[in-house]
Amino acid sequence: MMIAEVRTMNRLACPLLLLLAAPLAAQSPFRLTRLTTLPPIPIGDKYAAGDVDGDGDQDLVVANDNAPHQLLLNDGRGRFVDATSPRLINPLQLATHSVDLVDVDGDGDLDILFGHDDWLSNQVYINNGAGFFTDMTPVMLPPNAEFTQNQVVGDFDGDGDVDWFTVDSPGCHLYANNGVGVFTDVSATHLSNLPTGLGSRFEVTPRAADIDGDGDLDICVPTGTSTNPVFLENIGGGHFAPATVSMPAVTGLNYMFVDIDGDGDADLVSSYPGRVLQNNGSWTFADVTATAFPSSPGNFLSVIDADGDGDADLYDGNGIWWNNGSGVFTLQVGATHYLGNRGAAVADFDGDGDLDFAGLPNFLRQVDAGIPPVRGNSYTVDFHTRPGTVTPVLSLVALGAGNVAMPGVGTLLLDPASTVTIGMHLVVNTPLTVSLQIPTAPAFAGLELHHQAVMIDLIAGLRFSNAIGEPIL
């Protein structure tokens, strides 16, 4: 029946219009769209992205400072629904400044670790595999009631499970995982000579990376002041001691590790102010900002491979700094609006194979519609492709949603039984605009009209775009 309905629509539709729009070279790679939404978020202090319910898309957990936590489920297209109740049991209104989604008990799904300040206990929430969480803190975490300002997780002792390092006031703590999510405080035996007063609750996040190339995770802890961060060397088995680091005085307040220049080691990006510190090995860093950027960057908020070419680009609130693969950057002004803390939530939220910000999709391979379909009216859909390239696009339409994974190509998000092709196009100037005349027949009222495309991307090859869908009015 669905196939027949789609074919009826195609017979009644006016001829497709292929409109070549103005070049997109200066247009934003990340844009708001009415078809990608986030529910109200009261504070949004920290975000963690991951597939909590096992449906193949990226969901969000939001740690709200002095407001209840939130669990936001993704519909696979970048639209989120607040599913906190009944999935996140007892989302207390706490002073929460850190959250991570990790598999702490080794059962293959993502659990939640919350860090709280105000001398409140941190919390461990265990996932039942379907995205329903239970507070298991009393049996999985020893009493702590610390003033946790931030945290970082990783397999610090090399035993295959996730351990938990918390930046507390006045001192830090390390909790070792026994493999099934029960944590033991090993701070007294595994942390040596750490200074007090590290970290800050606001925008100052510890990072873990193999800084010295010896195969284990080291930790960088920002001080929350204008002094250099403290580096903790993993001297084996998850035992940490301050490392002697040769580092320029960059007065940064926050840092991110990423291989900027493609040489295989972890370089350091200073966020406040924006600086790039090249890792030269043996705990030595050099400030290469002057050669990496043609002009002074702003405060870096996120590291994201925005153009999908395999290297790390940087977002500084003014735009995206494109990396040429060797650590030399070019600014695309106005690439996003100011995201604030939301810039930390980076994942493929709409299922098209490129990285988005939560609520702000990447238009590298994007299908979008400015208005809903209305019977008797013309309905236009824009197919956005990589700017500056010629891209073959196969546009598809269906009367229902689907979720069929096709390895190497992406996911068909349309109902396979009703999917038909409405055109093969060669996009020279993005976006391609396709128009359909929606029939006036009463039978079309309320039917869901879904669009997706298959694009031959210059870098990614054959890929599905995102999909959109909405009822005909």
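Everything numeric in this text was worked out from a predicted model, so none of it was measured.

K.L.:
Could you give an account of the overall build of the chain, naming the residues involved and the relevant values?
P.N.:
Within the chain one finds 5 helices and 37 strands. Classification of the 473 residues of the chain by burial places 55% in the buried group. Once local pairs closer than 6 in sequence are excluded, the contacts in the chain between residues at least 24 apart make up 54%. For the chain, the accessible area works out to roughly 18000 Å², and carbon and sulfur atoms hold 57% of it.

K.L.:
Tell me about the pattern of salt bridges, and name the residues and values.
P.N.:
Applying the stated rule across the entire model yields 4 salt bridges. Across the pair Arg 365 and Asp 457 runs a salt bridge whose closest N-O atoms are separated by 3.6 Å. Pair noted here: Arg 365 is in the loop between β28 (356–357) and β29 (366–368) and Asp 457 is in strand β36 (residues 448–457), with a separation of 92 residues, a long-range link. Across the pair, exposure class does not vary: Arg 365 and Asp 457 are buried alike. Members of the salt-bridge network, linked through shared partners, are Arg 365, Arg 386 and Asp 457.

K.L.:
Hey, could you go over the sheet that holds strand β25 (residues 319–323) for me, with residue numbers and the actual values?
P.N.:
The antiparallel open sheet is built from 4 strands, whose spatial order is β23-β24-β25-β26. Each edge of the sheet is formed by a strand with only one pairing partner; in this case those strands are β23 (302–304) and β26 (329–333). Each strand axis lies, on average, 25° off the axis of its neighbour in the sheet, ignoring direction. Two elements, β25 and β26, share 5 bridges in a ladder whose sense is antiparallel.

K.L.:
Quick rundown of the packing of aromatic side chains? Include the residues and the values.
P.N.:
Tallying each qualifying case throughout the model produces 13 aromatic pairs. Centroid distance Phe 114 to Tyr 125: 5.5 Å. Interplanar angle 85°. Geometry classified as edge-to-face. Taken together, the residues Phe 114 in strand β8 (residues 111–116) and Tyr 125 in strand β9 (residues 123–127) connect sequence positions 11 residues apart. Note on accessibility: Phe 114 and Tyr 125 belong to one class, buried. Ring centres 6.1 Å apart and planes at 75° place the aromatic pair Phe 231 and Trp 283 in the edge-to-face group. Residue Phe 231 is found in strand β17 (residues 230–234), and its partner Trp 283 is found in the loop between β21 (275–281) and β22 (284–287); the two are separated by 52 residues along the sequence. Through pairs of rings, three or more aromatic residues link up here, namely Phe 293, Phe 300, Trp 321 and Phe 329.

K.L.:
Could you give an account of a nonpolar patch on the surface, with specific residues and numbers?
P.N.:
A contiguous nonpolar patch, built from Val 390, Leu 426 and Val 428 and spanning about 260 Å² of accessible area, is present on the exposed surface. Note that Leu 426 resides in strand β34 (residues 420–427).

K.L.:
How would you sum up the nonpolar core? Please name residues and give values.
P.N.:
One finds Tyr 379, Val 381, Phe 383, Leu 449 and Ile 468 to be the most contacted residues of the largest nonpolar core, which totals 23 residues. Within the residue set of this core, elements represented by two or more residues are β30 (378–384), β31 (391–398), β34, β35 (432–437) and β36. Beyond its immediate sequence surroundings of up to four residues, Phe 383 is in contact with Gln 366, Val 367, Val 393, Ser 395, Thr 430, Pro 431, Leu 432, Val 434, His 451, Gln 452, Ala 453 and Met 455. Core analysis: the second largest hydrophobic core is formed by 16 residues, Phe 156, Ala 176, Leu 194 and Val 221 among them.

K.L.:
Describe the pairing of β25, naming the residues involved and giving the relevant values.
P.N.:
Within β25, 4 of the 5 residues are buried, which leaves it mostly tucked inside the rest of the structure. In the sheet, strand β24 (residues 313–315) pairs with β25 via 2 bridges, with the strands oriented antiparallel. What sits directly across from Tyr 315, in β25, is Ile 320. Following β24, the chain reverses through 3 residues before pairing antiparallel with β25; Gly 317 in that reversal takes a positive phi of roughly 90°. Between β25 and the antiparallel strand that follows it, β26, lie 5 residues; Gly 325 among them carries a positive phi value of about 100°.

K.L.:
Hey, could you go over the sheet that holds β17 for me, with residue numbers and the actual values?
P.N.:
In space, the 4 strands of this open sheet follow the order β15-β16-β17-β18, with antiparallel pairing throughout. Both edges of this open sheet fall to β15 (207–209) and β18 (240–242), since each of them pairs with a single strand only. Geometrically, the sheet is characterised by an average inter-axis angle of 25° between neighbouring strands, direction not taken into account. Note: strand β16 (residues 218–221) against β17, 3 bridges, orientation antiparallel. Residue pairing for β17: Ile 219 is matched across the bridge by Leu 232.

K.L.:
So, the confidence of the model for the chain: which residues are in play, and what are the values?
P.N.:
Per-residue pLDDT for the chain averages 87, and the proportion of residues at 70 or more is 89%. Per-residue pLDDT stays below 50 along residues 1–26; that stretch engages in 51 contacts with residues further than four places along the chain or on separate chains.

Criteria and thresholds
Residues numbered from 1 in each chain as written. Predicted model: local features only at pLDDT ≥ 70, side-chain atom pairs only at ≥ 80, totals over all residues. Heavy atoms only, no water. Helix = DSSP H or I, 4+ residues; strand = E, 2+ residues; numbered from the N terminus. Buried < 20%, exposed > 50% of the residue type's maximum accessible area, 1.4 Å probe, protein only. Contact = heavy atoms within 4.5 Å. Areas by Shrake-Rupley, 256 points an atom, 1.4 Å probe, with all protein chains shown as cover. Salt bridge = Lys/Arg side-chain N within 4 Å of Asp/Glu carboxyl O. Pairing = 2+ DSSP bridges. Axes fitted to C-alpha atoms, helices over the stretch in contact; angles between N-to-C directions. Phe/Tyr/Trp six-rings, centres within 6.5 Å; stacked < 30°, edge-to-face > 60°. Patch = residues over 30% accessible without salt bridge, like charges linked within 9 Å, V, L, I, M, F, W, Y side chains within 5 Å. Core = buried A, V, L, I, M, F, W, Y, C linked by side-chain atoms within 4.5 Å. pLDDT = per-residue confidence, 0-100.

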